Amino acid sequence: MKNHGTRLADLTGLMNRRSALKLGAGVAASAAIGFPYVARAQSDVIRIGHLTPMTGFLGVLGKYAVQGIQMAAEEINAAGGVNGRKIEVKSEDSINPENATTKAQRMLERDGVDFLMGEISSASALAISQVATRNKRLFMALGPRSDVLRSASCSKYMFCTDIPNTVMVNAVGSALKRDGMVEGKKFFTLTADYVFGHDLLTAAKAFFAKNNATLLGDELIATDVTDFSPFLLKVRQAKPDVVCLNLAGNQVTNFVKQYAEFDLPYPTVGFNLNTADAWAAGVGNLSGTWPTVWYDTLDTPASKAFVKAFTAKYNRIPENHAWIEYIALKIMAQAMTETKSAETPALIKYLESGAEFDILKARKAYFRSWDHQLIQEAYPFSVKPASQAKDVHDMIVLGQVVPSPSESMEVIFPTKEQNACKL
Amino acid sequence: MQFVFLLEQVVNGLVLGGYYLLIALGLSLIFSVGGVVNLAHGAFYALGAYAAVTVSKYTGFVPAVVISPFIVACLGILFERFILRRFYREDPILGLLVTFGLAMVAEQAIRMAWGSAPLIFNLPQSFRGSIILGDFLFSRFRLMLLAVVAVMLCGLWLLLNKSAFGRVVRAGVQQPDMVAVLGIRLQPYMTAVVMLGVGLAALGGALFAPITVVHPAMGSDILIVAFVVVVIGGLGSLPGVILAAMLVGIVRGVTIHFSPAAGEASIYILMFLVLLVRPRGLLGEPIEKFEK
C-alpha cells in the first residue's frame, strides 16, 4: 500500500514536469511562429464561416439554411473533399446586423476562416459585406434579396446567389398581367420595415407605374409585429382591388392567417414568399400568386435527387433556403477545385469569369461580372383551392419558368442602367 | 370618416387588449403572490399553443382549446413545487434568473419535441369571417375571444374577492407572515395561484395559435408585451392590469392609424411615460415585501 502510494506520487511528479515542459515548448513555439493555429489550419481543412439567422423572424428559414449547407459539406467531404482538403462549415446564429458584424469579424480575424457564406436578412448581409470588404475576404450572400446589395451597396468581395427583389416582382408580375390583375387596378401594399422591404416596395412601385396601376396606400410594418388587425382595418378602409404583400419571414404567415380570420374580400398577391412561410400558413389560408426561386416539385432529375436525399436525411421536405445553401457550397467547391485555391483573389477571378454552375435547374447559372449576381431562372406559383390540396406541400402549383427557355435569362434581371453597381 | 376610422382602431385596440390581458393577468398574479417575475410565463403560453395543436388532432378545435390549458396547468404544479417555491423569499434577481433559464430550456424542449419549423394550425371555417356593426368591422373569432376573456375575468374576480380562497391569497400578498401566524399554510394556495396563472397563459396561447405563427420562440414575443402591461398597470392590482391592457391595445391601434411604423414602439413609450409620472404603475399598491 505504501509502496503503491510512493509510485503514484512519483508518477504525479513526472506528469507535472512533463506538462510544464510541454507548456514551455508551446509558448516558445507560438512566439517563434506567431499564429500557429491559423498556419496549421490552412494546410488540412478549408474553414468556412457560415452566418445565418437561427432565431427571430427569419429563424425558421435559417434552420433550413444550416441543414442545406451542412448536407452539401458532408457530400463534398465524403467524395474526398476539395483538392484533398476537407471542408468545415462553422454555422452560427447571426441574430441581427450588429451581432453579424461582430461574429464575421471574429471568424475572419480569430477563427481563421477562409471566407464567409450565408445570411437571409439583407440588413445583416450588408453589415457582413462591410466586414468582408475591409478584410479583403470573399463573402457569398446566399439568401438576401435586396436590390441594393447588387447596386448601390455592391462590393468586389460580395457575390449574391438568391434572386433580387426586381426579379421577384418581374416573375410574379408576368403572371399577374396575364390574369388582368395589374392594368388600371388599385393596390394597397404592406411592407416589411427594413432594408429588404423598402427595396421591394421600390421595385413594386416601379412595376405599378409601368403598368398603369395606382397605389392607394402603403404601410410599413415592423418585423416583430404579430397582430395585424389594425392594418387589416386600414386595408378595408382603403377598399383596394388587390392587397399586395412585401412582407418577410413570420410576418407573411401571421398576415395570411389573420387575413383568412377576418375573411376580407380583396385578392392578395405577394412579391416575396419563402415556401416555409407558405407551409406554416396552412391549406385554405394562403391564396393568390407569388414568386419563388426554387420549389421541391421542380421537375429536373437533379432537383428531385436533392429533394429525396434531403428528405431522407432530415425527415422533412427542403425549403428554398435549404436548396440555395446546398447549391452555393457546391458552387464554391467547384470554384476551389478549378482554381486549386481557397484564396479570395483566385476565387473572385473564377466566379467573375462567367463559369457555369449546375444549380439543379433546367438551365445552368453563372455570375455576372459587373454586379456579382447569380443569373438563373425563376418561377411564379399559385395556390390550389383548399378542397383540391391533399396537404400543405400539395397546395402550391409551380407555374411556367420565367424567362421562357427561348429568352436570355438576363431579361428578368435589372439592367446595367437600372443597377448602379460600380465594382 | 377619418374620425370613424380612428374610432374603429380604438375599438379594435380594446379587443386586442383583452387578449393581452389573458397573458398579463397570470404574470401579475404570480408576481404579486410569489414575488417572482416569471420570465418563463411566455413559455407556458407557447406550450398552450403547442398542446392545443397536438390535442386538436384527436379532438378537433374547440375541445383542444379547452383541454390544453388544463394540461399546461398541471405542468404549472411541477413548476411551482420544484422550482418557483424555492425563490419566494430569496433575492428577486434569483427568481428572475431561474425563470429566464427555464424559458430557454422550455423553448429548446419545444424545438426537440415538435421541431423548429412552425406548426400548422388552422382556424375552422365556422369561426372565420367578420361581423360589421355599424361602421365597425370585427373578426368573429376575436369577439368570441373577448367573451372568453370576460368570463375568465369575472370568474377570477369572484374567486379572489368572494371566496375563502381569495381572502387567503389576498392576505398572503400583503402579510404572508401574519397568515402563517394564523396557522394557514400558504403553499397549497401558491400552487393553485401558479396553476391558474400558467393556465391563463396557456389559454391565451391556445386561442391565438390559429391566427399567429406557432413556433418555438412565440413565448418570448408575447412575454415582453405582457410584462409591459403588468408594469403599466401596477403590481398587485387586478383593475390596474385590466386598465393597462386596454390602454396598451388602444395606444397601439391609434398609433398605427397615424404612423404605422411606430406601432410597436408606442407601447414602450407609453410605459416610459407612465413610469415617469407613477413609478408604481397606474394603480399599483405598495406591497410590504417590495418596499425596502
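Residues numbered from 1 in each chain as written. Chains lettered and ligands numbered in written order. Predicted model: local features only at pLDDT ≥ 70, side-chain atom pairs only at ≥ 80, totals over all residues.

## Observations regarding the overall build of chain B
As a reminder of what qualifies: A run of DSSP states H or I qualifies as a helix once it reaches four residues; a run of E qualifies as a strand once it reaches two. Both are numbered from the N-terminal end. Throughout, the radius of gyration refers to the C-alpha atoms, and the reference size of a globule is 2.2 Å times the residue count to the power 0.38. With C-beta atoms placed from the backbone, a residue is labelled by how many other C-beta atoms lie within 10 Å of its own: buried for 20 or more, exposed for 12 or fewer, partly exposed between the two. Contact between two residues is assigned when their C-beta atoms, built from the backbone, lie within 7 Å.
Counting secondary structure elements, chain B contains 11 helices and two strands. Traced from its N-terminal end to its C-terminal end, chain B shows the element sequence α-α-α-α-β-β-α-α-α-α-α-α-α. Here the C-alpha atoms of chain B give a radius of gyration of 19 Å, agreeing with the 19 Å that 2.2 N^0.38 yields for 292 residues. Looking at chain B residue by residue over its 292 residues, the buried ones come to 47%. Here the contacts in chain B between residues at least 6 apart in sequence split such that 77% fall between residues at least 24 apart.

## Here we look at helix α6 (residues 165-178) of chain A
Residues and elements named next belong to chain A. The condition that has to hold: Between the first and last residue of a helix there are one fewer steps than residues, each counted as 1.5 Å, and that sum is the expected span.
Here α6 is 14 residues long and its end C-alpha atoms lie 20 Å apart, about the 20 Å a rise of 1.5 Å per residue gives. The buried fraction of α6 amounts to 12 of the 14 residues, a majority that puts the element mostly inside the structure. Along α6, the residues that are buried comprise Asn-165, Thr-166, Val-167, Met-168, Val-169, Asn-170, Ala-171, Val-172, Gly-173, Ser-174, Ala-175 and Leu-176. On its buried side, α6 packs onto α7 (195-210), β9 (268-270), β10 (289-292) and β13 (379-383).

## So, the packing of α6(A) against α7(A)
All names here are of chain A. So the rule is basically this: Lines fitted to C-alpha atoms define the axes here, with helix axes fitted over just the stretch in contact, and angles between the N-to-C directions of these axes take values from 0 to 180 degrees. An angle below 35 degrees is read as roughly parallel, one above 145 as roughly antiparallel, one from 65 to 115 as roughly perpendicular, and any other as oblique. Crossing handedness is defined as follows: a turn of the near helix away from the far one that is anticlockwise and smaller than a right angle gives a left-handed crossing, while the clockwise case is right-handed. Charged residues are taken to be Asp, Glu, Lys and Arg, nonpolar residues to be Ala, Val, Leu, Ile, Met, Phe, Trp, Tyr, Cys and Pro, and polar residues to be all remaining types, Gly included.
Two elements in contact, α6 and α7, have axes separated by 9 Å at closest approach and are oriented at 40°. Of the possible angle classes, the one that applies to α6 and α7 is oblique. Taken as a pair, α6 and α7 cross one another with a handedness that is right-handed. Where α6 approaches α7, its residues Asn-165, Thr-166, Val-169 and Gly-173 are matched on the opposing element by Asp-199, Leu-200, Ala-203, Ala-204 and Phe-207. Taken together, the residues that form the contact of α6 with α7 break down as five nonpolar, three polar and one charged.

## Concerning the sheet that holds strand β3 (residues 115-118) of chain A
Residues and elements named next belong to chain A. Note the cut-off: Pairing between strands requires that DSSP locate at least two bridges from one strand to the other.
The five strands lie next to each other as β2-β1-β3-β4-β5, forming an open sheet whose pairing is parallel. At either end of the open sheet lies a strand with only one pairing partner, and these are β2 (86-93) and β5 (158-160). Geometrically, the sheet is characterised by an average inter-axis angle of 25° between neighbouring strands, direction not taken into account. Of the strand pairs in this sheet, β3 and strand β4 (residues 139-141) are connected by three bridges, and their pairing is parallel.

## Some points on the interface of chain A and chain B
The interface of chain A with chain B comprises 35 residues on the first partner and 31 residues on the second. Residue assignment for the side of chain A that touches chain B shows that the elements contributing at least two residues are α3 (59-78), β7 (214-221), α8 (229-238), α9 (250-262) and α10 (275-281) of chain A. Taken together, the residues that form the side of chain A that touches chain B break down as 13 nonpolar, 12 polar and 10 charged.

## Brief notes about the pairing of strand β2 (residues 136-139) of chain B
Residues and elements named next belong to chain B. Across four bridges, the pairing between strand β1 (residues 130-133) and β2 is antiparallel. Each bridged residue has a counterpart across the sheet, and for Ile-132 the counterpart in β2 is Leu-137. What sits between β1 and β2 in their antiparallel hairpin is a turn of two residues, with Gly-134 showing a positive phi close to 60°.

## Let's talk about the confidence of the model for chain A
Residue and element names in this part refer to chain A. For clarity, the cut-off: How sure the predictor is of each residue is captured by pLDDT, a score from 0 to 100.
Averaged over all residues, the pLDDT of chain A is 88; the fraction at 70 or higher stands at 90%. Ranking the elements of chain A by mean pLDDT puts helix α1 (residues 2-33) last, at 43, and β4 first, at 98. Taken together, the stretch residues 1-21 has pLDDT below 50 and engages in zero contacts with residues farther than four places along the chain or on a different chain. Overall, residues 23-41 carries pLDDT values under 50, and its contacts beyond four positions in sequence, including any with other chains, amount to seven contacts.

## Re the packing of helix α1 (residues 2-34) of chain B against helix α10 (residues 238-258) of chain B
Residue and element names in this part refer to chain B. The contact between α1 and α10 brings their axes to 6 Å, and the two run at 140°. Considering the angle they form, α1 stands oblique to α10. Of the two elements, α1 crosses α10, and the hand of that crossing is right-handed. Considered class by class, the residues forming the contact of α1 with α10 number 17 nonpolar, eight polar and one charged.

## Some details on α10(B)
Because each turn of an α-helix spans 3.6 residues, side chains separated by three or four positions in sequence point in the same direction. Compared with an ideal rise of 1.5 Å per residue, which puts 21 residues at 30 Å, α10(B) spans 31 Å between its outermost C-alpha atoms and is within 8% of the ideal. Among the 21 residues in α10(B), 16 count as buried, and that is most of the element.

## Some details on unusual backbone geometry
Working note: non-glycine residues mostly have negative phi, and peptide bonds are mostly trans. All names here are of chain A. Look at the link from Val-402 to Pro-403: it is a cis peptide, with omega at -10°. The phi angle at Glu-119 is positive, at roughly 80°, despite the residue not being glycine. For Lys-239, which is not glycine, the phi dihedral falls at a positive 45°.

## Considering the domain arrangement of chain A
All names here are of chain A. Here is the rule we go by: Where each domain starts and ends follows an automatic or database-derived domain assignment.
Domain boundaries assigned for chain A yield domain 1 (2-34), domain 2 (41-164 + 298-375) and domain 3 (166-295 + 379-412). One C-alpha centre belongs to domain 2, the other to domain 3; they are set 27 Å apart. Taken together, the contacts link 25 residues of domain 2 with 26 residues of domain 3. Counting residues per element, the ones that place at least two in the side of domain 2 that touches domain 3 are α3, α5 (122-134) and α12 (320-339). Per-element tally for the side of domain 2 that touches domain 3: the top contributor is α12, with four residues. Grouping the constituent residues of the side of domain 2 that touches domain 3 by class yields 16 nonpolar, four polar and five charged.

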